[in-house]
Amino acid sequence: MIVLKKIRELDIVSGASNTRPMHLSAASGLVCLDTIMYVVADDELHLGVFSAGDCRPGNLIRISDGVLPDSKAERKRKKPDFEALTLIPPDGEFPHGALLVIGSGSRPNRRSGILLRLDQHGVVCGSPRKVELSFILDPLREEFPSTNIEGAVVVGHELRLFQRGNKRHVDNAIIRYPLAPVIDAIVAGCGNPMVPSSIDRLDLGSIQGVPFCFTDAAALPNGNMVFSAVAEDTADAYRDGSCIGAAIGMIDDSGCLLSIDQLERPYKVEGIHARLDDDCIELLLVTDADNPDIPATLFSATIDR
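The residue numbers shown here count from 1 along each chain, following its written sequence. Only residues with pLDDT of 70 or above have their local features reported here, since the model is predicted, and side-chain atom pairs are shown and tallied only from 80 upward, although totals for entire chains, interfaces and linings are computed over all residues. To obtain the side-chain values, all non-hydrogen atoms of the structure were used and water was disregarded.

*Asks:* How would you summarise the sheet that holds strand β10 (residues 149-155) if you had to cite specific residues and measurements?
*Replies:* A sheet is described by the order of its strands in space; here four strands give the open sequence β10-β11-β12-β13, paired in antiparallel fashion. In this open sheet, the two strands that pair with only one neighbour each are β10 and β13 (198-201). Taking each pair of neighbouring strands and ignoring which way they run, the sheet shows an average axis angle of 20 degrees. Examined bridge by bridge, β10 and strand β11 (residues 158-163) share six bridges and lie antiparallel to one another. Bridge pairing in β11 places V154 opposite L159. Contacts between residues were defined by any pair of non-hydrogen atoms, one from each residue, lying within 4.5 Å. Angular values range over 0 to 180 degrees, each being the angle between N-to-C directions of two axes fitted as lines to C-alpha atoms, with helices fitted over their stretch in contact. Every helix listed is a DSSP run of H or I at least four residues long, and every strand listed is a run of E at least two residues long, numbered separately from the N terminus. In this fold helix α3 (residues 179-188) packs onto β10, β11 and β12 (173-178), with an angle of close to 75 degrees to the strand it touches most, β12. We call two strands paired when DSSP finds no fewer than two bridges between them.

Dropping the structure here:
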């Protein structure tokens, strides 16, 4: 069993509107850059920005126009469902790198993303840019009964997306694309449909008849990937269910499952960051409370390499 240590709740200086709580509740992706921690939430139009060195309330960066309804059902129907957040490494187009937010793809209004450039200090600079991701997400409908992208990592020259399964369709998979043409299409603002270079399907096991399914992932320097998974009692990619188990695992660069260990409690972990420290991997994890009145929580944990 993996033991998590609570660090803080994801409270913010000001809410996204006068009627919204002053916290993020549905944290779904996490990227840490030195002293800055970025958190995307699947029911928000903002990116959370927190200090990695203290527990001061975070700030919000608006990343998408519009206003989401406060009603949970209506908000769920209209949200862009930003589920994945990954770092694009520096190159000619992005001298200091960029953040890429990716929608789940589970519905037509969830197939877009947001591109945010970074400065030399890892701070978001310039205006967020909405990007159309149908060119990589639409072709997945031929591979999966229900597309549901929950995580993304860049490893070397590849973009790897993590498809989350469910109780009816246990379709956990790592979907690989060559990074350069994906970035070229995003920068150009259009792209022809692109089929993955490969798809690795994985069985993560189950608990009480409910399968463990991907919720996020982080890359290690050697190409291996650390992932979070939960056993959520739901039969599709849209409806939430009770979380009866959670786990952290490791997959090697070729896509083979190396390990998976349950958390001591079924926290619904949906965002993960990993850092090597000698013979250990230091983790930061954020949760989705599935309740707008309950703040998401930041946890830490340590696992052996």
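*Asks:* Which residues make up the nonpolar core, and what values go with them?
*Replies:* As a rule of thumb, nonpolar side chains are buried together in soluble globular proteins. I136 and L161 are the most contacted members of the largest nonpolar core, which has 28 residues in total. For this core, the element with the highest residue contribution is α3, accounting for five residues. Each residue touching L161, except ones within four places of it in the same chain, is listed here: I102, I136, L137, I149, G151, A152, A173, I174, I175 and Y177. As used here, the term nonpolar core means buried Ala, Val, Leu, Ile, Met, Phe, Trp, Tyr and Cys residues forming a set that is joined through side-chain atoms within 4.5 Å. Three exposure classes are used, based on accessible area relative to the maximum for each residue type with a 1.4 Å probe and protein chains only: buried under 20%, partly exposed in between, and exposed over 50%. Core analysis: the next-biggest nonpolar cluster, separate from the first, contains 21 residues, L220, V230, I272 and L283 among them.

*Asks:* Help me get a handle on a negative patch on the surface, residues and values and all.
*Replies:* Residues D277, D278, D279 and D304 make up a contiguous surface patch of negative charge. For D278, the position within the fold is in the loop between β20 (269-277) and β21 (280-287). D278 gets classed as exposed once you look at its relative accessible area, which sits at 65%. A residue counts toward a patch only above 30% relative accessible area and without a salt bridge, and it is joined to like-charged neighbours within 9 Å or, for Val, Leu, Ile, Met, Phe, Trp and Tyr, to nonpolar neighbours within 5 Å. Surface accessibility follows the Shrake-Rupley procedure with a 1.4 Å probe radius. Residue values consider only the protein chains on display as shielding. Each salt bridge in this description consists of a side-chain nitrogen of Lys or Arg and a carboxyl oxygen of Asp or Glu lying within 4 Å of one another. Residues scored as charged are limited to Lys and Arg (positive) and Asp and Glu (negative), so that His and the chain ends carry no count. Working definition for charges: the position is that of NZ of Lys, CZ of Arg, CG of Asp or CD of Glu.

*Asks:* Help me get a handle on the pattern of salt bridges, residues and values and all.
*Replies:* Inspection of every chain in the model, using the stated rule, returns 24 salt bridges. R8 is the salt-bridge partner of D11, the closest N and O atoms lying 2.8 Å from each other. Assessed through its relative accessible area of 4%, R8 is described here as buried. Residue D233 is joined to K167 by a salt bridge in which the shortest nitrogen-to-oxygen separation is 2.9 Å. Of this pair, D233 sits in the loop between β17 (225-232) and β18 (243-251) while K167 sits in the loop between β11 and β12; the two residues are 66 residues apart in sequence, bridging distant segments of the chain. Among the residues examined, D233 registers a relative accessible area of 34% and is labelled partly exposed. Several salt bridges converge on common partners, so that one network encompasses E150, R164, E232, K268, E270 and D290.

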